[in-house]
Amino acid sequence: MSRKRLFCAGMVFLILLLAVFKYLGFIESNVQWLLGLVGIPVDFSVKSILFPLGISFYTFQALSYLIDVYWGEEEPERSLPDFTLYMLLFMKFLSGPIERAGDFLPQAKAGKAFDYESVTYGMKLMCIGLMKKMIIADRLAPYLNDILGSVQSTSGVQLLLAGLLYPIELYADFSGYTDIAIGGAMVFGYKLSPNFNRPFTAKSITDFWRRWHMTLSFWVRDYLYQPIAASKRYWGQWGIIYALIVTFVLLGLWHGGGWNFVIYGLIQGLIISYEMLAAGFRGRLEGFAGKRVFGIYSVVRTYLLFAFSLVFFRLDTLSDVWYMFSHLSLSLPHGVKELRMGMPDHDIIVLIGAVILLSVYEYFMSKRDLLKAVGQQKAVVRWGIYYLFIFLFLVFGEFGSKDFIYLQF
């Protein structure tokens, strides 16, 4: 078999495998709907298939490996144990980060000696991830699940609050998982790619996707957007817009088989296209309003747009999405207590404090590596900080069997 045919066969196999496990029900429902439009009665149903955990992540990793080898950017891996480790390393297996072969395979071949600094740094990063997950995400989850799981029996102001708070839950949950995965890999001597870089400080949706789920963003940039844009370069600016919209629709569909995910991706693509077209206007507006004021406006605008799009990501049906948007309200028919969303004072205080501390931590981490700095302190200071972490974790953590959100993808 020729090199090109082997490459095409591998790509088709991986894409079909993903489609069968993840999109068969979505395809079936749309085929039935289309046949119904032309008057063809249909009565068939695809049996439910056991969904393999993390299939989207390791499928994308396998696709990037095949493409890189075909393009000549990587040499074919001859060692089955090294390749298996690259594909199935348990820290990143379920929810990433999505690693590139060129970044990971050399590490798989390198000798591993015990490194005290890497082990302790990894454990500290795992602790940060657990605190994000168990103090913030798992504290918010039951209240947001109650509201977003029954939108048609919830007041408008609570729907509004849930929509505004869900990005915080999702970020704490997913970035918490990423910290645990990267920290765990460091304990074993492996360096995984960063996946988040203070996304809620982004001043545009374009910048947001350079900071949020970075390994996925860079994957679709390199393997979808750039090839599509190159193929439509004779369209000029419209070719770039076409490539952006197609890329983000596919990115949305990557998250799940449903029109809600398609719309979620489409919203991202349309906003980024608008930001590209309106760059000149935004520059003039910044000059008129002042850099600081415009910067604050841009950060708030970006957060609100992302929160708006996440409604399609979070709710299962489009009817629930439309209901939620049509019933958002600032009125308080039952008093100020509605703003609590059923949360006791203790949870509200802990949540607000934890979000503030996380924001401060991430700000100073962007200036200096705090975890490394802690390791350089005197033993009494260092261990005092460690015991404080343990105390906060044991006292304020929500313990239970709550899954990570991105395990469903």
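Residues numbered from 1 in each chain as written. Predicted model: local features only at pLDDT ≥ 70, side-chain atom pairs only at ≥ 80, totals over all residues. Heavy atoms only, no water.

1. Overview of the nonpolar core
Phase 1 of the analysis: Counting residues in each nonpolar core, the largest one holds 90 residues, and the members touching the most others are W209, W212 and Y406.
Phase 2 of the analysis: Looking at which element gives the most residues to this core, the answer is helix α6 (residues 116-148), with 13 residues.
Phase 3 of the analysis: The contacts of Y406, once residues within four sequence positions are left out, are F57, L94, S95, L170, D173, F174, W212, H213, W254, H255 and F313. (Core = buried A, V, L, I, M, F, W, Y, C linked by side-chain atoms within 4.5 Å. Buried < 20%, exposed > 50% of the residue type's maximum accessible area, 1.4 Å probe, protein only. Helix = DSSP H or I, 4+ residues; strand = E, 2+ residues; numbered from the N terminus. Contact = heavy atoms within 4.5 Å.)

2. A word on the packing of aromatic side chains
Phase 1 of the analysis: Considering all chains together, one arrives at 39 aromatic pairs under this definition.
Phase 2 of the analysis: Each ring, one from F208 and one from W209, has its centre 6.0 Å from the other, and the planes form 80°; the classification is edge-to-face.
Phase 3 of the analysis: Put simply, the rings of Y171, F174, F196, F200, F208, W209, W212, F248, Y303 and F306 touch in pairs and so form one group of aromatic residues.
Phase 4 of the analysis: A cation over a ring is seen here: K133 above F404, with NZ or CZ 4.6 Å from the ring centre. (Phe/Tyr/Trp six-rings, centres within 6.5 Å; stacked < 30°, edge-to-face > 60°. Lys NZ or Arg CZ within 6 Å of the ring centre and 35° of its normal.)

3. Examining the pattern of salt bridges
Phase 1 of the analysis: One pass over the full model with this rule turns up 12 salt bridges.
Phase 2 of the analysis: With a closest N to O distance of 2.7 Å, E77 and K109 form a salt bridge. Here K109 lies in helix α5 (residues 101-109) and E77 lies in the loop between α2 (55-71) and α3 (80-88), a separation of 32 residues in the sequence.
Phase 3 of the analysis: What makes E77 buried here is its relative accessible area of 17%.
Phase 4 of the analysis: Take K109: its relative accessible area is 49%, and that puts it in the partly exposed class.
Phase 5 of the analysis: Across the pair K133 and D173 runs a salt bridge, and its minimum N-O distance is 2.6 Å. Note that K133 is positioned in helix α6 and D173 in helix α7 (residues 156-187), a separation of 40 residues in sequence. The same class applies to K133 and to D173, which are both buried. (Salt bridge = Lys/Arg side-chain N within 4 Å of Asp/Glu carboxyl O.)

As far as function goes, none of this settles anything; it's purely spatial.
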